[in-house]
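In case you want the letters, here they are:
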Amino acid sequence: MSDDPKPQKPTEGWAAPAEPEAAEPGPPTEGKKPKRPKRTGLRRLLPTWRMVLGAFVICTMVLAALFFLGYSMVKIPPANALATKQSNVYLYADGTEIARDGEVNRENVTLAQISKPAQHAILAAEDRDFYTESAVDPKAMLRAGLNTALGKGKQSGSTITQQYVKNYYLAQEQTVTRKVKEFFIAIKLDRETSKDEILQGYLNTSFFGRNAYGIQAAAQAYYGIDASELTAGQGAYLAALVNAPSQYDVTAHPENQKAAESRWNYVLNGMVDKGWLPPSERTGMKFPGPKETSGADTGMSGQRGYLVRAIKDELIRGGIVDEKSLDTGGYRITTTLQKKKQDAFVDAVNDQLMSKLDKNKRKVDGYVRAGGASVDPKTGKVVAMYGGIDYVKQYTNNATRRDFQVGSTFKPFVFTSAVENDSSTQDGRRITPNTIYDGSNKRPVQGWSGGAYSPENEDDGDYGDITVREATDKSVNSVYAQMAVDVGPAKVKRTALDLGLPADTPELQPYPSVALGVATASVLDMAEAYATLANHGKHGPYTMIEKVQRGGTDVDVPKRKTSQAVSREAADTTTSVLRSVVENGTATKALKADRPAAGKTGTAEEDTAAWFAGYTPDLATVVSVMGQDPVTAAHKSLYGVMGLDRINGGGAPTQIWAQYTKEALKGTPARDFDLDVEEGSLESVAPPAQPSQSQPSQNEQDDPATNRPSDSTPTTDGGTTSGGPTTGGGASQGTATGGTATSGATSDGATGNTSDGGATGDTSDGGATGETTADGGTATDGGAATAGGGTPGTPGGTGP
C-alpha cells in the first residue's frame, strides 16, 4: 500500500478560471527549477565568480603553454662574443698601431682556488640567497622594474645565475628579448648545472676593471696575490668593483673614495647578516686600498696602457661608445696622437728626469712621478701624452689624475680675469701688467670679508712694491692673492672654467687662495686651459679621437665646437706677461726650446709637485713632476730628489718642456706671437693718480681684514696697494716720482695733478724738487718736475 498522497478530486461546481490573475508568490512548484533573480545596478558590471575562475584557469593554461613553449624553444647557446673577445685597435694619427686590447686578461680558476671570504663577499654584494633560491626571482625582477619605472634609477633584479647567463651566453643589450632568453636559459642551466659550477663560472667571467676579467686576474691586478689568498676586506672591495669597475677604482679615481668605501661597508655588513663574517672581525676593519700594479697584459706596457685607458675614457665620456660595447671589441680607433711627438715626450722625460734618479742611493727618488700633455691650440687635438714610467708597473695615469695642486700655474687665470672684467685695485687703479702691488711677505689681503688671510711668498721672499709683470716673473703669492680679491674670487673661478678647467675640479673654490693654485686639476685639464690662452681666448674641449670604425662602418664622432671664452685682449695680454716669465723670470730654461714661448712655473704646497705650463703659437704643453709613495700612495715632498735641495717648476718640468718642444716642432718654422694686448700693457709707465688720504675710498675706510681704518697708502703715482704704511719719500719703497710721505700719505701738493707724479704746476707741500715736506721728510733724489710730468726717481726721504 502506497504512502504517497492521492490526488484529490475537485469539488462540484469548481471550474478553472479562464485567465488567472497574478498569483501570489508561494512555494516553488514541485519538480521545477527556480529562476535566478536578475542582477541589477552595479552588480551587472562585475564579473561573476564563475567568470573570474574561468579567466584564471584560461590564463594559467596560456601561461603554462607559453612557458613550456619558451622552455622548449630557447636553447642554451654557445659562449658569447665577450668569451671570445675581439680586439679593439688603437692607432696614431698616421695609422701606426699604438696597441690592441684583444687579449683578455683572464685566468680561470676553480671554486676551491677562491678563498671562502671572497666567495661570500661576492654573494653578499650580488645575491645573498643564491644557494637557496631558484634560478630566477620574479619578485626581485618586478621590484627592479617598478623602481626603474618610478625613476629610482636602473636596477637589476637578476640572480647570480641570470648574471652569469648574461655574461657568458648573451649580449649586454637591455631588451625584452634578451631578458626572456636569460630567464629560460637560467632555468635550464639551474636544472642541468650545480650551484657551485654556476658561481665558479660567474666569478671567472665578471669584469672587475683594470682590464681584469675574473676574480683571479682581479686579485693580481689590485693586490698582487692569488684569489685563494684574498681576505674578507679585499674580497669585499673586489665585490664592490663588480657594481661599478671604473667608478670604484680609488687609485685611478681618488675622488670616489667615499662612494667605494660605502659600497665596501655594505658588502661587509651583508656578510655579517648572513653569518659569513664574525661581528668581532668586522669591527675595526680598515679599507684595504689597492696597489698601483695594473695586472695588465704586457701589450699595454710602457705608455700604451695609459694612452688606451685615456682614449677609452674619452669614448665613454663623450657618448661615442658605451663601456659594455667597447668591452666586446671590434672597434678601430684612429687618434690625434702623433708618434713623433709621443716619442719625443718620452725621451725628454727620460733624459731630463728619470735618468738622473737613483732609488738605491736616495729613497726620495723612488717617489718621483711625471705627467705631461701636449695640445695643438688651433684644433684642441692632443698630440702627445706622458702617463707614467710604465702602465704595467704603475697603473695611475699622471696626465689625467686630479689630486695634486697646480700651484702658481693658476696665477695667469687670475690676471686674465682681471683684464677680462676690467678690474681695479682696492684703491681704484686699473689692473694692468704695470700696476704696482705690495709684494711684502705675509701681507694681509685687503677687502676680503671671509676672514684674515696673509699668504707666504715662496722662500719667504719680501718684494715690497712690485709691478704685476714682475710679480708674475717672481711668482709673488701676496700680490696674486690680493689681485684675486680685487677681481672677485667668483669671477676668477668663472674665468678658469671658461678657459677649460672642468666644473668639478677639486678644490676650485671662490676664495683668495684660489690664486695660489690649491685646485687639483689634471695636467690634461691645464693643457686645455693654456691652449685657450695660446689661441687668443678661443676655447674648445681637447680631443684624442679622430675617427672610429666598427666592421668598416664609421661611428659618429661629435664635432668639436669652439667659442670665444675670453676676449682676445685678455688672452693676449696674459701671453705678453707670461713671455716675460720665460725671458726674465722663473722659467728661463724654457728658452732652450729656441722658440718664442710663454709660460708659468708652479709648485704645490710642501713641494709635493712641481709644474711648468707653457706654449708657443703652435703647441701648448704642461709638465708636472709629482711625489707619491709607491706603497701607501700618499703624496710626498720632493726635497732632495736627484740630490738637489728641491725641485721647483723652473727645474726639471721646464727642462722637459724645452727639450720636448724643440724636438716636437723640429722642421717647422719658428713663429712669433701675434698679440693684441691691453692698451699700455707693453710700456712701463706709472699708474694714474689716486685719491689722497684725506678722501679715502670705501675700501680704505672699512678694512674687514683688520676691523679698523685701512693702512693703505695711496700716492700720486699709484705706488702702493691697499694695506700697510710705507716709507720712501712719497711712494712705497721709492717708486714715486718725487712726492714725499707723511705718515704714509703724500702731501697735498701732488693730489689732483698728472699721473706721472703730480709734478706739473703745483709742487708746494711735497713737490718733486727736493723740498722739505710739511712733516720734515725730504724728497732726496726725487727727480725734478717738468712740464710733462715728473720723471721717475729713486727713493726719497723718509717721513715720520
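Let me begin by describing the structure that accompanies this report. (Residues numbered from 1 in each chain as written. Predicted model: local features only at pLDDT ≥ 70, side-chain atom pairs only at ≥ 80, totals over all residues. Heavy atoms only, no water.)

Of all hydrophobic cores here, the largest spans 122 residues; its most connected members are Phe410, Phe413 and Met483. A total of 9 residues in this core trace back to one element, the largest contributor, which is helix H18 (residues 523-534). Contact partners of Phe413, with chain neighbours within four places excluded, come to Thr495, Ala496, Leu499, Leu501, Met526, Ala529, Tyr530 and Leu533. Counting residues in hydrophobic clusters, the runner-up holds 51 residues, among them Ala124, Ile185, Tyr202 and Leu241. (Core = buried A, V, L, I, M, F, W, Y, C linked by side-chain atoms within 4.5 Å. Buried < 20%, exposed > 50% of the residue type's maximum accessible area, 1.4 Å probe, protein only. Helix = DSSP H or I, 4+ residues; strand = E, 2+ residues; numbered from the N terminus. Contact = heavy atoms within 4.5 Å.)

Turning our attention to empty space enclosed by the protein. On inspection of all chains with the given rule, the structure shows 5 cavities of 30 Å³ or more. Contributing to the lining of the largest cavity are 17 residues, with Asn211, Val308, Arg309, Lys312 and Tyr391 lying nearest its centre. Of all the elements in the fold, those that place two or more residues in the lining of the largest cavity are helix H11 (304-317) and helix H12 (323-328). Top contributing element to the lining of the largest cavity by residue count: H11, with 5 residues. A class-by-class count of the residues in the lining of the largest cavity yields 9 nonpolar, 2 polar and 6 charged. Approximately 70 Å³ is the volume found for the second largest cavity. Along its surface, the second largest cavity is lined by 14 residues, and Pro377, Gly380, Ala531, Gly540 and Arg560 are the ones closest to its centre. For the lining of the second largest cavity, the elements supplying multiple residues, two or more each, are H18 and strand E10 (538-539). Per-element tally for the lining of the second largest cavity: the top contributor is H18, with 3 residues. (1 Å grid on protein atoms, 1.4 Å probe; cavity = no way out; pocket = protein on both sides within 12 Å on 5 of 7 lines; lining within 4 Å. Points joined across faces, edges and corners; volume = space filled by probe spheres on them. Nonpolar A, V, L, I, M, F, W, Y, C, P; charged D, E, K, R; others polar.)

What follows covers the packing of helix H13 (residues 339-352) against helix H20 (residues 652-664). For the pair H13 and H20, interaxial distance at closest approach is 8 Å and the crossing angle is 145°. Here H13 runs over H20; the crossing is right-handed. Taking contact as the criterion, the partners of Lys340, Lys341, Ala344, Phe345, Asp347, Ala348, Val349, Asp351 and Gln352 in H13 are, on H20, Ala652, Gln655, Ile656, Gln659, Tyr660, Glu663 and Ala664. The residue inventory of the contact of H13 with H20, partitioned by class, reads 8 nonpolar, 3 polar and 5 charged. (Axes fitted to C-alpha atoms, helices over the stretch in contact; angles between N-to-C directions. Left-handed = near helix turned anticlockwise from the far one by under 90°.)

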